Every structure is written in structure tokens, then in C-alpha cells.
Amino acid sequence: MANLTLKDLQKSYGKTEVLHGINLEVKDGEFVVFVGPSGCGKSTTLRLIAGLEDASGGDIEIGGRVVNNLEPRDRDIAMVFQNYAIYPHMSVKKNIAFGLRTSKLSKPEKEARIQDVAAILDMVDLLERKPNQLSGGQRQRVAIGRAMVRDPAVFLFDEPLSNLDAQLRTQMRLEIKKLHQRVGNTIVFVTHDQVEAMTMADRIVIMKGGHIQQVGPPEQVYRTPANIFVAQFIGAPSMNIWDGEIKGGRVMLGDVALPLSLAHVKAGTPLKIGVRPDDLQLGSADPILHGTVSLREPLGPETLLYLSSDLGAVIVRAPGKNPPEVGDRIALGALAENIHLFDATSGEALV
Amino acid sequence: MNLRNTLTIRQKHILWAWGFLAIPVLFYVVIRFYPTGNAIVLSFQNWNLLSARTWAGADNYVKLWHDEVFWKVFKNTFVYLLLGTPFSLVISFLIAFHLDRVRFMHGFIRMMYFLPFMTSAVAMAWVWRWFYQPVPVGIFNNILATFGIPQINFLNSTTNALPAVLAPAIWAGLGFQVIIFMAGLRAIPTSYYEAARIDGVSGFTILTQITIPLLKPTIIFITVFSSIGFLRIFDHVFNMTTNNPGGPLNATKPLVLMIYDTAFNGFDMGYAAAQTVVLFTILLCVSLLQLYLLRDR
């Protein structure tokens, strides 16, 4: 089976360590998305899995065998590049066939395979075209086709959607997800876009500074972020974070005691308190803070309100119809289950 | 209403464009087009620089057609082209391809290859001429003698002279072609090679299926550029065979040297002009043919 296992994977360039021991198990057929800001090591991890770069330490296992010392072609993987890497001088068909050059299949078998892939990707009519006669989305599909034709154990995608415009990106996102449901291969997908990560992944791997911050299904990383970084990175607009503290076993946000108790935390410990803009209730009877609207961003179905308060800036999601006016003072409440608490020094979530 | 306000923006742009273009256009007309036209007219006239120009009709061309030396020279010119262009192309590509991978003293090595291009052709020709001398002066014959191989008569043999003159001409142009090839190689995205590595194709396949096709614009440029260079070869030949320019027995004489001879030794300007027109036509045809053969299909 095509499990992918990373064991204490490290990478350094000279003295600069960019990956500090990555541990991850990807199950057969799983769609895993690596997400993080640029320079977090997500692309490096992918290139190490592909074999385009050598690991400085640790093991990579694909389907139960250690592939560290295998050439990329022997690792049973295929990769889709950010700039697609399709050859401009070859027709679509030749581009797809290039992935089969070293395969031992007979000519009719190869031809059948190309036709199959073209059919799945809805490109049968485009096979004789040159890449410069294709749209961005079609080129993207050629790149996927070239990877698919190899029928690899693991697909690697390196930010494949970032060169497309917003509308096409949404469309390709769906297509890739559908494709995964259909062919069922293991996919490792790298992106810096948290929306892509949330919408496509079975499990998200959030990275920062060469460390994994959290691994889990989209729901889980959204509902129970492991630390402040994850809390703010996942979800748009970002989670509101304020300073708080513990007084007499009560969690205090300014002068307000929140409906939470943290018996195991010492009194006087500084805390960070986070609530997502969606989870703040306007005009609550039992408010946790008050703020004055300083800016509105109407988005149609909803309006984003930027408030100034004694605790600092606050972002709130308000309904699209009849939102509060700029200058209005509003009360905001939150349910206990939607309030996230973090250690102020380490940034780790407190449960 | 004055002129400035009556013109549309587009008309103003055109006016400005032609204003700026006027100087180069004038320059080209005086320096390029007028002499070219004049040379074509002259090819139908007789003129020895001193007397008046008299009409000769097609006499100069008829004379050229029956001139044995012209056909010999015509052949030489194409030998320079057909040997020089492919050799320089292959050698410069091989150097560029490997130099591209060298990290050690990359800049210095590249500079060393470029150095001959900046050196005076006259000086180079004389140094090479010296290399070609018999033992004990010439380095090549000295090397041959060390291994007990018979001496080779480079510049005084009708068969060896042309390649011997061509070699330094190829060598001199390499630096430039290597630089252009390296720029072409650098312009190929690395992801193409990474994708090929994942597909697991051989180095030979990568070279023939990816690198060379993607270098096509570079190859076209260098082919046309070096072809024109070899068709117009002059200074190397002239300086390596000064005692008897183009010799021995016209074995190394290219068209440009014949034109020079006819014009400034024979003072037959009309005849020289006719040869020039022929050279011009050849250059035009060869360049167009190459562009046609190497076009995007």
C-alpha cells in the first residue's frame, strides 16, 4: 500500500537548518495539504519526498520502503509544478506521453493510457494542441495529466493553483478534489492559501519555521487550534486575540469575568484570549466587551466590522443587511465553547 | 486654434515618433542605403576611380560568370561557411553546456573563452601563423615532432591551407557564441529538468527532447550570425597569407578578398561592385533560407 511516512526528516543548507525533524504518517489514499507562510519549509518537504533534494537526516518511506537513496523515478511518485513545467514545443499528447517514456508498457498500452487520462481530464479534443494554444486552466490539466499517466503511488502538488486567477482557482480546486475521489491515490499538496487547505484536505499539516505546528482534519484545526499561530493562520479574517489573566480561578478579559474556569492554571498567569470574528455575537445581553465601529467592509452576504475597544482592535462578522453604522457603540458576547485560551508565553492552547 | 490642440493624441505620438526617427533614418539613408544603391548602379558601369564612370551593361556580370578565379573563390566561400558554421555551433554548444555546470572559477573560465573575441583579428592571425610554422618555430609541428609524426605543411598546402585559416576564425568567434548559448541555457526553467528527472528519462533524452528544442531561438540566432561572419571572412585570411593574399593558388581566397583585390589592386571598381552584389545576394539568400528552415512550424 502507498503509505507515506516521514520520520524525523531534516534538511539544512550549509549551517541554515530549514526543516527541524518532520514526523508524519500519510495513509493510503489520503489527501494531505501542507500549508504555511513562505519559507516555512513546506515546499522543501515536498521536494525531499520527490527526491529532488537530499535529506540531511531522517527517513522517507513510501509504501513501506525507505526511499532516501532512490532516484525520483524509482520512488513511485509524480509531481505537478507551480509553473506546470509542460514543454512548450511539444503537443499536449507528447507532454502527457513524456511521463511514460521510461515505462515498459507496449505502444498500444501507452496510447490507451494517454486516452484514458485525457478522457478523465476532459482533454481528448486538446491532445494535438500546443501549450501556448491553451488557457491557464487547461495547461494545469495537462500538467496533472502528465502526472496521472504514470499512475504513481503518491501525487505531489507544489502550489499548482497559485498562477491561476481567483475564479479558475476555485474551479480547479473542485476538479482536483473530484479527481482524487475518482482515482483515490495518495496526494500531498502544498499551498500557502489556507482556503485551499481547508477546502481540499482530508488532513491539514500547518507548518512554520521548519516545524509542524498542527496536523488534523480541517474541522479540527479550525475548532481547536493547537496554538496562536494556527488560530490566526487558519480562518479569514483572523481570530481576534486579546490579553487576559486569571483571577481567583476566573478568566478575566479586562474587567469582565468570562464564563470559563481554569482550575489548574495558577492565579495571575498572563493569558491570551481568542475569539473568531464569526463567533462574536452582536448586541449580546451578556457582553464580554464593547467597541466602536471604525470601519465597515461590505461583502454582500455579510459585513466585516472593524472596531476599536479598550482591549485593542476587534474584527466582527455582521449580517449583510442593516449592519451597524460607523461610530455605533456595540456590545459583543461569545459562547464559552467558542472562546480559545492560550498561554501568553508559549502560545500553546490551554484546554 | 493652434496646431497643438487640433491634433489628436495619436497624431501627436506619430509626429514625435517620426521626429525621433528622423536622425537614424537620415543616417541610414546616407551611410547604408545610398552606398548600397550606388554599388548596384556601379556594378553596371566601368570605373577605375580616376576617369568618368561609363555604362557597361551586364558586361561585369558576364565577365564574372566566365571568371575561373571567381568560381574557385565562390567555392572557397561556401567551404568556409559549411565547415565553419556547424563546427563553431557544435563546439560552442558543448563548451556552454558543460561550462554551465561548472561552479569552480566559473567567471574566470568564461572570461578566458571570451578573451579571443575581444582580441584583434590581425594579432590573432599572426600568432596562429606562427603556430603553423615548421619545426622549431611552430608549436603544432613541434608537438608532432615530439611524437615522431611527420611534419604537416599547414599554410603552404592547397588542401591544408583553408582549414588552417578557418581554425583561428572559429576559435575567435567561440567566446561570443558560448556566452549567447549560456544565456539561452540559463533561460530554461529548472522545473523542466526536475519534471524530467521525476519522469526518469535519460540525459540524452533530456538533451535532445528538452534542451535543444528549447534553445531553438538561440541556435537560429547563432547560426545566422556566424554564417554571415564566415561568408564575410577576410581579415584572418588576409593576415595569414600576406605574402600572397588568398594563396597558395587562391586556395584560401574568399569572396571579400577577391573584391578587395579587384577594387584596390586592379582598380576595376565596376567589376568589384558586381562581385559585391553577388556576395550581398548570397548573404541574403543564406540568411532567409536558414530562417525558413528553422522557423516555428
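**A word on the overall build of chain B**
In step 1: A count of helical and extended segments in chain B gives 14 helices and two strands.
In step 2: Since a compact globule built from 297 residues should have a radius of gyration of about 19 Å, the 25 Å found for chain B marks it as more spread out than a globular shape.
In step 3: Viewed in the frame of its principal axes, chain B has a C-alpha envelope of about 70 × 65 × 35 Å.
In step 4: A total of 297 residues make up chain B; the buried ones form 40% of that total.
In step 5: Restricting the contact set of chain B to residue pairs at least 6 apart, pairs at least 24 apart contribute 65%.
In step 6: Per element, the accessible surface of chain B, about 17,200 Å² overall, is 72% carbon and sulfur.

**Details of a nonpolar patch on the surface**
In step 1: Judged by side-chain polarity, Ile14, Trp18, Leu21, Val25, Leu26, Phe27, Tyr28, Val29, Val30, Ile31 and Phe33 of chain B come together as a nonpolar surface patch covering roughly 1,100 Å² of accessible area.
In step 2: For Leu21 of chain B, a relative accessible area of 39% puts it in the partly exposed group.

**Digging into the domain arrangement of chain A**
All names here are of chain A.
In step 1: Per the domain assignment, the segments of chain A are domain 1 (4–233) and domain 2 (240–343).
In step 2: Centre-to-centre separation of domain 1 and domain 2, based on C-alpha positions: 39 Å.
In step 3: At the interface, eight residues of domain 1 touch six residues of domain 2.
In step 4: Surface buried jointly by domain 1 and domain 2 totals about 650 Å² across both partners, of which 58% is contributed by carbon and sulfur atoms.
In step 5: For the pair domain 1 and domain 2, the number of links is zero salt bridges.
In step 6: Linking domain 1 with domain 2 are two residue pairs in polar contact (both at pLDDT 80 or more), by the criterion used here.
In step 7: When the residues that make up the side of domain 1 that touches domain 2 are grouped by side-chain class, the tally is five nonpolar, two polar and one charged.

**So, the pattern of salt bridges**
In step 1: Tallied over the full model, the rule gives 17 salt bridges over all chains.
In step 2: A salt bridge links Arg73 of chain A to Asp74 of chain A, with the nearest nitrogen and oxygen atoms 4.0 Å apart.
In step 3: The closest approach of N and O atoms between Asp100 of chain B and Arg186 of chain B, which form a salt bridge, is 2.9 Å. Taken together, the residues Asp100 of chain B in the loop between α4 (68–99) and α5 (106–118) and Arg186 of chain B in helix α8 (residues 161–186) connect sequence positions 86 residues apart.
In step 4: Take Arg186 of chain B: its relative accessible area is 45%, and that puts it in the partly exposed class.
In step 5: Each of Lys27, Glu30 and Arg203 of chain A takes part in salt bridges that share partners, so that together they form one network.

**Some points on the sheet that holds strand β4 (residues 57–62) of chain A**
All names here are of chain A.
In step 1: The strand order across the open sheet built from four strands is β2-β1-β4-β5, with neighbouring strands paired in antiparallel fashion. One side of each edge strand has no neighbouring strand; the edge strands of this open sheet are β2 (16–26) and β5 (65–66).
In step 2: Examined bridge by bridge, strand β1 (residues 4–13) and β2 share eight bridges and lie antiparallel to one another. Residue pairing across strands places Thr5 opposite Glu25, the latter belonging to β2.

**Quick look at the interface of chain A and chain B**
In step 1: On the chain B side, the residues contacting the 25 residues of chain A number 17 residues.
In step 2: When chain A packs against chain B, close to 1,700 Å² is buried across both sides, 58% of that on carbon and sulfur atoms.
In step 3: Broken down residue by residue, the surface that chain A buries against chain B is led by Tyr87, His89 and Phe98 of chain A, which jointly contribute 27%.
In step 4: Linking chain A with chain B are two salt bridges, by the criterion used here.
In step 5: A salt bridge links Arg47 of chain A to Glu194 of chain B, with the shortest nitrogen-to-oxygen separation between them at 2.5 Å.
In step 6: Scanning the region where chain A abuts chain B turns up nine residue pairs in polar contact (both at pLDDT 80 or more).
In step 7: Elements that contribute at least two residues to the side of chain A that touches chain B include exactly α1 (42–50) and β6 (77–80) of chain A.

**Topic: the packing of aromatic side chains**
In step 1: Enumeration according to the criterion identifies 34 aromatic pairs over all chains in this entry.
In step 2: When the centroid spacing of 5.7 Å and the interplanar angle of 75° are considered together, the rings of Phe131 of chain B and Phe140 of chain B count as edge-to-face.
In step 3: For Phe131 of chain B, a relative accessible area of 24% puts it in the partly exposed group.
In step 4: With a relative accessible area of 28%, Phe140 of chain B lands in the partly exposed category.
In step 5: Between Tyr132 of chain B and Phe154 of chain B, the ring centres sit 4.8 Å apart and the planes meet at 35°, which makes this aromatic pair tilted. Here the residue Tyr132 of chain B occupies a position in the loop between α6 (121–131) and α7 (139–146), and Phe154 of chain B occupies one in the loop between α7 and α8, the gap between them amounting to 22 residues.
In step 6: Overall, the relative accessible area of 7% leaves Tyr132 of chain B in the buried class.
In step 7: Feature note: the residues Trp128, Trp130, Phe131, Tyr132, Phe140, Phe154 and Trp171 of chain B constitute an aromatic cluster, connected by ring pairs.
In step 8: The residue whose ring lies beneath Arg276 of chain A is Tyr222 of chain A, and the NZ or CZ to ring-centre distance is 4.0 Å.
In step 9: Here the guanidinium or amino end of Arg129 of chain B rests over the ring plane of Trp126 of chain B, the centre of that ring lying 4.5 Å away.

The rules we used
- Residues numbered from 1 in each chain as written.
- Chains lettered and ligands numbered in written order.
- Predicted model: local features only at pLDDT ≥ 70, side-chain atom pairs only at ≥ 80, totals over all residues.
- Heavy atoms only, no water.
- Helix = DSSP H or I, 4+ residues; strand = E, 2+ residues; numbered from the N terminus.
- Rg over C-alpha atoms; globule rule 2.2 N^0.38 Å.
- Buried < 20%, exposed > 50% of the residue type's maximum accessible area, 1.4 Å probe, protein only.
- Contact = heavy atoms within 4.5 Å.
- Areas by Shrake-Rupley, 256 points an atom, 1.4 Å probe, with all protein chains shown as cover.
- Patch = residues over 30% accessible without salt bridge, like charges linked within 9 Å, V, L, I, M, F, W, Y side chains within 5 Å.
- Salt bridge = Lys/Arg side-chain N within 4 Å of Asp/Glu carboxyl O.
- Domains from an automatic or database assignment.
- Buried area = accessible area lost by both parts, 1.4 Å probe.
- Polar contact = N/O pair within 3.5 Å; in protein donor to acceptor, adjacent residues only side chain to side chain.
- Nonpolar A, V, L, I, M, F, W, Y, C, P; charged D, E, K, R; others polar.
- Pairing = 2+ DSSP bridges.
- Phe/Tyr/Trp six-rings, centres within 6.5 Å; stacked < 30°, edge-to-face > 60°.
- Lys NZ or Arg CZ within 6 Å of the ring centre and 35° of its normal.

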